[in-house]
Amino acid sequence: MSPLLLAGWLLAVAAASVLLAERRCARRRTERIVRACHELRGPLTTVMLALDAGDREPAARRDGRGELLPAVALELARARRAVEDLGAAARGRTGRDERRAVDVHALVRDLVAVHDVAARAAGRHVVLLPGAGDAVVLGDRARLAQAIGNLVHNALEHGQGTVRVGVAVRDGAVHVEVADDGHGLRVPVERLLASAARGQRGRGMRIVADALASHGGRLRAAPPGGGARLVAELPAATPVSSRAVPR
């Protein structure tokens, strides 16, 4: 092979490699943008439903603690984080997470409150099961709200009956379980995540799994009890005083 022909082949291979790398980068950027839009739509829809229910039923504006406002504020924080992710994706970057002590009981309580008000329009309910113990993790509160909020939303969208959310601390980990009375998962969680990775259905689950993984946690399915039971598992932090836990 002549030197000129060899040089031509090398240039062609190099150009193809660069083009392939650019296409992969573009796909990753597009997927980040699509995920951010998916996550932005969810909390805004929930807030609109909750506010509409509050207008129709003044009593629905109150949760077990008093005002629904903190719960709505949490959903808006999720939406703000999605906007930040969208801006970062447009620049070819990934969003940055905070690392602070997060009271998972308080986080889940707010998520349950706002989703329950929104679910009433369809005759559904979201309830918080009794829990005990310090459920504190180190992480980004808005990002964790994305993960757990998507689990609750999926249970309302694809499940049936009352959605039950529980928080427990076992073996150095915080477990947040979301269960419904539907037909359960049609395919294993692993297949859903793999499908989402290929740009197919299950993007909400992929958001959940990635958010948990960034906190050293994981998403798993518990043995079904008449419906789907999904568990967000996170490493527990050293217990801190209530004054040190941000709300």
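Residues numbered from 1 in each chain as written. Predicted model: local features only at pLDDT ≥ 70, side-chain atom pairs only at ≥ 80, totals over all residues. Heavy atoms only, no water.

In terms of helices and strands, the protein carries six helices and nine strands. Taken over 247 residues, the protein has a buried fraction of 42%. For the protein, contacts bridging at least 24 residues in sequence account for 72% of all contacts bridging at least 6. As displayed, the protein has an accessible area near 13500 Å², and 57% of this comes from carbon and sulfur atoms. (Helix = DSSP H or I, 4+ residues; strand = E, 2+ residues; numbered from the N terminus. Buried < 20%, exposed > 50% of the residue type's maximum accessible area, 1.4 Å probe, protein only. Contact = heavy atoms within 4.5 Å. Areas by Shrake-Rupley, 256 points an atom, 1.4 Å probe, with all protein chains shown as cover.)

Let's shift gears to the pattern of salt bridges. Scanning all chains against the criterion turns up nine salt bridges. The shortest N-O distance in the salt bridge between Arg 229 and Glu 177 comes to 3.0 Å. You can see Arg 229 sitting in strand E9 (residues 229-235) and its partner Glu 177 sitting in strand E7 (residues 173-179), a full 52 residues away along the chain. Given a relative accessible area of 26%, Arg 229 falls into the partly exposed group. We classify Glu 177 as partly exposed; its relative accessible area is 25%. Of the charged contacts, one joins Asp 210 and Arg 206 as a salt bridge, the two residues approaching to 3.0 Å between their closest N and O atoms. (Salt bridge = Lys/Arg side-chain N within 4 Å of Asp/Glu carboxyl O.)

Now for the packing of helix H4 (residues 141-158) against helix H6 (residues 203-213). Close contact between H4 and H6 brings their axes to 8 Å; oriented N to C, the two are set at 145 degrees. As for how H4 packs across H6, the hand of that crossing is left-handed. Within the contact between the two elements, H4 uses Arg 143, Ala 147, Asn 150, Leu 151 and Asn 154 and H6 uses Gly 204, Met 205, Ile 207, Val 208, Ala 211 and Leu 212. Residues belonging to the contact of H4 with H6 are distributed by class as follows: seven nonpolar, three polar and one charged. (Axes fitted to C-alpha atoms, helices over the stretch in contact; angles between N-to-C directions. Left-handed = near helix turned anticlockwise from the far one by under 90°. Nonpolar A, V, L, I, M, F, W, Y, C, P; charged D, E, K, R; others polar.)

Turning our attention to the nonpolar core. Formed by 36 residues in total, the largest nonpolar core has its most connected members in Val 165 and Val 176. Of all the elements in the fold, those that place two or more residues in this core are helix H3 (104-119), H4, strand E6 (163-170), E7, helix H5 (189-197), H6 and E9. Looking at this core element by element, the count peaks at eight residues for H4. Beyond its immediate chain neighbours, meaning those up to four positions away, Val 165 contacts Val 108, Val 112, Val 126, Val 127, Leu 128, Leu 129, Val 152, Val 176, Glu 177 and Val 178. (Core = buried A, V, L, I, M, F, W, Y, C linked by side-chain atoms within 4.5 Å.)

Attention shifts here to the side chain of Arg 124. Mapping Arg 124 onto the fold places it in the loop between H3 and strand E4 (126-128). Although buried, Arg 124 forms no salt bridge, and the nearest oppositely charged side chain, Asp 180, lies 6.1 Å from it. Only 3.4 Å separates the side chain of Arg 124 from the backbone oxygen of Ala 155, close enough to count as a polar contact. Sequence-distant contacts of Arg 124, that is, excluding residues within four places in its chain, are made with Asp 116, Ala 119, Ala 155, Leu 156, Gly 159, Gln 160, Gly 161 and Val 163. (Lys, Arg positive; Asp, Glu negative; His and termini not counted. Polar contact = N/O pair within 3.5 Å; in protein donor to acceptor, adjacent residues only side chain to side chain.)

Time to look at the confidence of the model for the protein. Across the protein, the average pLDDT comes to 78, with 76% of residues at 70 or higher. Confidence drops under a pLDDT of 50 for residues 61-66, and excluding neighbours within four residues, the segment shows 13 contacts in the predicted structure. This model gives residues 240-247 a pLDDT under 50, and the stretch forms 13 contacts once residues within four places in sequence are excluded. (pLDDT = per-residue confidence, 0-100.)

Okay, the pairing of E7 next. With six of seven residues buried, E7 is to be regarded as a mostly interior element. Direction of pairing for E6 relative to E7: antiparallel, over a ladder of seven bridges. Opposite Val 167, over in E7, you have Val 176 as the bridge partner. Taking the residues that link successive antiparallel strands as the turn, the E6-E7 hairpin has two residues, and the phi of Asp 171 there is positive, at about 55 degrees. As defined by bridge partners, E7 adjoins E9 across seven bridges and the pair is classed as antiparallel. Across the sheet, the residue bridging to Val 176 is Ala 232, located in E9. (Pairing = 2+ DSSP bridges.)

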